[in-house]
Amino acid sequence: GAGHGGLAMAGHLGLMGFDVRLFNRTRARLEPVMVRGGVEVEGDDVSGFGPVSAASDQAGDLLPGANVIMVVVPATAHRFMAEQCAPHLRDGQTVVLNPGRTFGALAFAQALKELGCTADVTIAETQTFIYASRVVGPGQAKIFRVKNSIPLATVKAHRIPQCLNLVRQAFPQFIP
C-alpha cells in the first residue's frame, strides 16, 4: 500500500538500494511516485530520494521476480491483499504483513488456500510496524522514528530463521 507506512517503507528501501515495486489499490495515490520515479523521504535518521522501479494498481505487474513482498496495509485489507497476490505468487516467495499482529498471517494463509493458491510461500507477520511515519505530500513521507526491535513470526515456525535472514538484509531490527 502507498499510505503512511507503505510510502515510508518504499522510500527507505529505495534509499538502501533495494529494487522497490509499489502496489496500491488506487492508481491516483501512485501517480506522484510514478512521475518522480520514487519517494522523497525526510526524517532525522533517514532522508533522501528512494527510487521505485515500478508502481501499479495491478499486483500481477509487480509480483513476478519479487523475493519479498512487504504488505503494509491495515488488518482490514489483509484479505484484499491476499486476493490480489494469490494468482501471482510462486514457490519460494516470502510475504510479510507489516503488521500482522492479530493472527493476520494465519488469515492471509487461509485466504490464499480458499482462493486456490498452491504456491509454497512463507507468510510472516510483525508485531508492530517498524516506522512511526506519515505521508506529508504527494510522493513524500516523513519518518519520525525507526523502531529498534520488531518481533516477527511465520505461519510455519520452522521458517522463522530463514525469513529473518532474508528480511534482516534490510531491517536488522526484526527479531524472532
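Residues numbered from 1 in each chain as written. Predicted model: local features only at pLDDT ≥ 70, side-chain atom pairs only at ≥ 80, totals over all residues. Heavy atoms only, no water.

1. Points about the environment of Leu89
Stage number 1. By secondary structure assignment, the location of Leu89 is in the loop between helix H4 (78-85) and strand E6 (94-97).
Stage number 2. Residue classification places Leu89 among the buried positions, given a relative accessible area of 10%.
Stage number 3. Sequence-wise, Leu89 and Leu63 are 26 residues apart; in three dimensions their C-alpha atoms are separated by 7.0 Å.
Stage number 4. Discounting residues that sit within four places of it in the chain, Leu89 has contacts with Leu63, Ile69, Val95, Leu112, Cys117, Ala119 and Val121. (Helix = DSSP H or I, 4+ residues; strand = E, 2+ residues; numbered from the N terminus. Buried < 20%, exposed > 50% of the residue type's maximum accessible area, 1.4 Å probe, protein only. Contact = heavy atoms within 4.5 Å.)

2. Let's talk about the sheet that holds E6
Stage number 1. Taken in spatial order, the five strands line up as E5-E6-E7-E10-E11 in an open sheet, and their pairing is mixed. This sheet does not close on itself; its edge strands, each paired only once, are strand E5 (68-71) and strand E11 (174-175).
Stage number 2. Pairing between E6 and strand E7 (residues 122-126): four bridges, direction parallel. Along E7, the bridge assignment pairs Thr94 with Thr122.
Stage number 3. Against the sheet, helix H6 (residues 160-167) touches E5, E6, E7, strand E10 (150-154) and E11, its axis set at about 130 degrees to E10. (Pairing = 2+ DSSP bridges. Axes fitted to C-alpha atoms, helices over the stretch in contact; angles between N-to-C directions.)

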